[in-house]
Protein chains: 2
Amino acid sequence: MPKLWSETIDTHRRTVRDAILEAGWALVSERGLMSVTMTQIAEKAGIGRATLYKYFPDVETVLAAQHERHVAAHLEQLTALREQPGGPAQRLKAVLERYALICYHREKHGTEEFAALLHRGEHVAHAEQQLTALFEELLVEAAASGELRDDVPAEELASYCLHALAAAGGLPTEQAVARLVSITLTGLGLSV
Amino acid sequence: MPKLWSETIDTHRRTVRDAILEAGWALVSERGLMSVTMTQIAEKAGIGRATLYKYFPDVETVLAAQHERHVAAHLEQLTALREQPGGPAQRLKAVLERYALICYHREKHGTEEFAALLHRGEHVAHAEQQLTALFEELLVEAAASGELRDDVPAEELASYCLHALAAAGGLPTEQAVARLVSITLTGLGLSV
DNA sequence: AATTTTGCGAGACACTATGTCTGTATAGAA
DNA sequence: TTCTATACAGACATAGTGTCTCGCAAAATT
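Treat the numbers as computed from the prediction; the structure is a model and nothing was measured. (Residues numbered from 1 in each chain as written. Chains lettered and ligands numbered in written order. Predicted model: local features only at pLDDT ≥ 70, side-chain atom pairs only at ≥ 80, totals over all residues. Heavy atoms only, no water.)

A short note on the overall build of chain A
Note the following rule: Counting from the N terminus, the helices are DSSP H or I runs at least four residues long and the strands are E runs at least two residues long. Partly exposed residues are those whose accessible area sits between 20% and 50% of the maximum for their type, while under 20% is buried and over 50% is exposed, using a 1.4 Å probe and protein chains only. Contacts are assigned to residue pairs with any non-hydrogen atoms lying within 4.5 Å of each other.
A count of helices and strands for chain A gives nine helices and zero strands. Reading the secondary structure of chain A in the N-to-C direction produces α-α-α-α-α-α-α-α-α. For chain A, with 192 residues in total, the buried portion stands at 49%. Counting contacts in chain A only where the partners sit at least 6 residues apart, residues at least 24 apart contribute 64% of the total.

Okay, structure coming up:
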């Protein structure tokens, strides 16, 4: 198992890196954030402990990297959705729906909630901020076409969306998620 | 400083316990969740390490207790507010406003976000659930008097409120918080 | 094909943290 | 006063940390 070798060195390093992130995440899920150790991560990833230290300096960094990877994947989905045809309101709705579903489907023990606690917060928050920036752009567009309440800055509306839709993580069904999106859109002053 | 003695034993134990929780929280705030150790907590609290172990078995438990104490304090404020005179909608608005301000004022690195990560989650979530239960009751009352949208279960509305208002933690001013509350209420179908 | 570069694994090391268990002293409770 | 509960300091075995070697094997380079 420790024999993790791919064709080229670069792809190999990426493979090992991914295995580390995967292992770290799995350990958080099954043993809890506080009890994850570098030793455990190395074992789970199938590499030596010293090797692990050549990739990441500590547990926190492993988890932060994992978080960043997740957010990046989400951003990719959402930006693709933003480019689709349709009015600003329609595209906004599509993106918010997709984000709610992402929150709904993501594994338990929230992928996102790291940000506030890891104290790498300032840096992880950056990834999160890309999300709010994406929302904000869409909101500005929608506001320009007069489909939105204009008594609140777009930045605040974006933050509202992000938090409100995070509630999807605790909902029981996709129907409930759809209702949540509807509620959230109503808050924006958008008739859907 | 280590001489933490109060009149009676019971009050003394409470004093020490509070000092521990305070110390734990301070360490999380300044050094980050991952680097807090029992040794540090004991030093900061001004007690011996062995003594600390007679109060709490590990760091996670200290933090969970601290979290529970915070939520309890919030609940006390909010239930007091719920008993006040006025129509259901008014009282709902008052409670939501208060909760938003609590989120706004609470120290950085979110008091609440522990729940999902500490893996004591199931138990801490109970405290959180008391909050949603409180919201839910108010929402049912308001719905009964026809001031609310009735196409969504109260439980989901409560979850929506809790998450949406959590956005107050990242807002710059109290005016922004007021706007957030307004948006959230609009989502509920409440005219304010 | 031979050589150089790169990365891995195992082990060793000093250090810190953990969790438990003493013995002794001191402050409330009876 | 006597009894009980608590704190403290220190000791201890165990485990995790972060760094450093070494020798080996696979890629890149020539």
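Considerations on the UniProt feature "DNA-binding region" (unreviewed entry) in chain A
We apply this condition: UniProt positions are given in the numbering used here, feature names are shortened, and annotations may be inferred rather than shown by experiment.
UniProt's feature table lists "DNA-binding region" (unreviewed entry) at residues 37–56 of chain A, given in the numbering used throughout. Segment residues 37–56 of chain A splits into 75% helix and 0% strand. End C-alpha atoms: 12 Å apart.

Some words on the nonpolar core
Burial of nonpolar side chains together is a common tendency in soluble globular proteins. Put simply, the test is: Residues grouped as a nonpolar core are buried Ala, Val, Leu, Ile, Met, Phe, Trp, Tyr and Cys residues, joined through side-chain atoms within 4.5 Å.
With 80 residues, the main nonpolar core has F135(A), Y160(A), L188(A), F135(B), Y160(B) and L188(B) as its most contacted residues. Judged by nonpolar contacts, the second largest core, of 41 residues, contains L27(A), I47(A), W25(B) and A45(B).

Some details on the environment of P57(A)
Inspection of the secondary structure assignment puts P57(A) in the loop between α3 (49–55) and α4 (59–82). C-alpha separation for the pair P57(A) and M38(A), spaced 19 residues apart in sequence, amounts to 9.1 Å.

Some remarks on the packing of helix α5 (residues 88–105) of chain B against helix α8 (residues 154–166) of chain B
Geometry of a packed helix pair, given as the angle between the helix axes and the separation of the axes. Residue and element names in this part refer to chain B. Stated formally: Where helices are involved, their axes are fitted lines through C-alpha atoms of the stretch in contact, as for all axes, and angles between N-to-C directions lie from 0 to 180°. Working definition: roughly parallel below 35 degrees, roughly antiparallel above 145 degrees, roughly perpendicular at 65 to 115 degrees, and oblique for all remaining angles. With the far helix as reference, a near helix turned anticlockwise by less than a right angle produces a left-handed crossing, and one turned clockwise produces a right-handed crossing. Note that Gly is not counted as nonpolar here; it falls among the polar residues with everything else outside the nonpolar set of Ala, Val, Leu, Ile, Met, Phe, Trp, Tyr, Cys and Pro and the charged set of Asp, Glu, Lys and Arg.
α8 packs onto α5 with a crossing angle of 40° between their chain directions and a minimal axis gap of 9 Å. The angle between α5 and α8 falls in the class oblique. Considering only the axes of α5 and α8, their crossing is right-handed. Across from L96, Y99, A100 and C103 in α5, the residues of α8 making contact are C161, L162, L165 and A166. Among the residues forming the contact of α5 with α8, the class breakdown is eight nonpolar, no polar and no charged.

Things to note about the protein's contact with DNA strand D
Our working rule: We call a residue near a given molecule or strand whenever any one of its heavy atoms falls within 4 Å of it. In protein, a polar contact means a hydrogen-donor-capable atom and an acceptor-capable atom, both N or O and within 3.5 Å, with residues adjacent in sequence counting only if both atoms are side-chain atoms; elsewhere, any N or O pair within 3.5 Å suffices.
The immediate surroundings of DNA strand D are formed by 21 residues, with M38(A), R49(A), G48(B), T51(B) and Y55(B) found nearest. Between a phosphate oxygen of DNA strand D and a side-chain N or O atom of Y53(A), the distance comes to 3.3 Å. The contact in question runs from a phosphate oxygen of DNA strand D to an N or O atom on the side chain of R13(B), over 3.4 Å. Top contributing element to the surface near DNA strand D by residue count: helix α3 (residues 49–55) of chain B, with four residues. Counted by class, the surface near DNA strand D contains eight nonpolar, eight polar and five charged residues.

So, helix α9 (residues 174–187) of chain B
Our working rule: Multiplying one less than the number of residues by 1.5 Å gives the expected span of a helix.
Counted at 1.5 Å a residue, the expected span for α9(B) with its 14 residues is 20 Å, and the 20 Å between its end C-alpha atoms agrees. Residue G189(B) follows α9(B) closely and has a positive phi angle near 80°.

Things to note about the confidence of the model for chain A
Caution applies to low-pLDDT parts of the model: their predicted coordinates are not meant to be read in detail. Where we set the bar: pLDDT: the predictor's confidence for each residue, scored from 0 to 100.
When the pLDDT values of chain A are averaged, the result is 86; 85% of them are 70 or greater. At the low end of the mean pLDDT range in chain A sits helix α6 (residues 114–117) of chain A, at 57; at the high end sits helix α9 (residues 174–187) of chain A, at 96.

Focus on the environment of A168(B)
Residue and element names in this part refer to chain B. By the element assignment, A168 lies in the loop between α8 and α9. Considering only alpha carbons, one finds A168 and L101, 67 residues apart in sequence, at a separation of 7.1 Å. When near neighbours in sequence (up to four residues on either side) are disregarded, A168 contacts A100, C103, Y104, V177 and L180.

Here we look at α8(B)
Compared with an ideal rise of 1.5 Å per residue, which puts 13 residues at 18 Å, α8(B) spans 18 Å between its outermost C-alpha atoms and is within 8% of the ideal. Burial runs high along α8(B): ten of the 13 residues are buried.

Here's the deal with the packing of aromatic side chains
The way to describe two aromatic rings as a pair is by their centre distance and the angle between their planes. Defined as follows: For Phe, Tyr and Trp, where Trp contributes only its six-membered ring, two rings pair if their centres lie within 6.5 Å, and the inter-plane angle classes them as stacked under 30 degrees, edge-to-face over 60, or tilted in between.
For the coordinates displayed, the defined rule picks out three aromatic pairs over all chains. A ring pair is formed by Y160(A) and Y160(B), whose centres lie 6.4 Å apart and whose planes are at 85°; its orientation type is edge-to-face. Separated into two different chains, Y160(A) in helix α8 (residues 154–166) and Y160(B) in helix α8 make up a pair that spans both. The same class applies to Y160(A) and to Y160(B), which are both buried.

Here we look at the packing of α9(A) against α9(B)
For the pair α9(A) and α9(B), interaxial distance at closest approach is 7 Å and the crossing angle is 130°. When the interaxial angle is binned, α9(A) and α9(B) end up oblique. Along this stretch, α9(A) crosses α9(B), giving a crossing that reads as right-handed. On the side of α9(A), the interface is formed by I183(A), T186(A) and G187(A), while α9(B) contributes I183(B), T186(B) and G187(B).

Section: the pattern of salt bridges
Spelled out, the test is: Salt bridges are defined as contacts in which a side-chain nitrogen from Lys or Arg sits within 4 Å of a carboxyl oxygen from Asp or Glu.
Applying the stated criterion across every chain yields a total of 16 salt bridges over all chains. Across the salt bridge formed by E137(B) and R82(B), the nearest N and O atoms sit 2.6 Å from each other. Residue E137(B) is found in helix α7 (residues 121–144), and its partner R82(B) is found in helix α4 (residues 59–82); the two are separated by 55 residues along the sequence. E137(B) sits in the partly exposed class, given a relative accessible area of 43%. We classify R82(B) as buried; its relative accessible area is 17%. Taken together, the salt bridges that share partners define one network made up of R82(A), E83(A) and E137(A).

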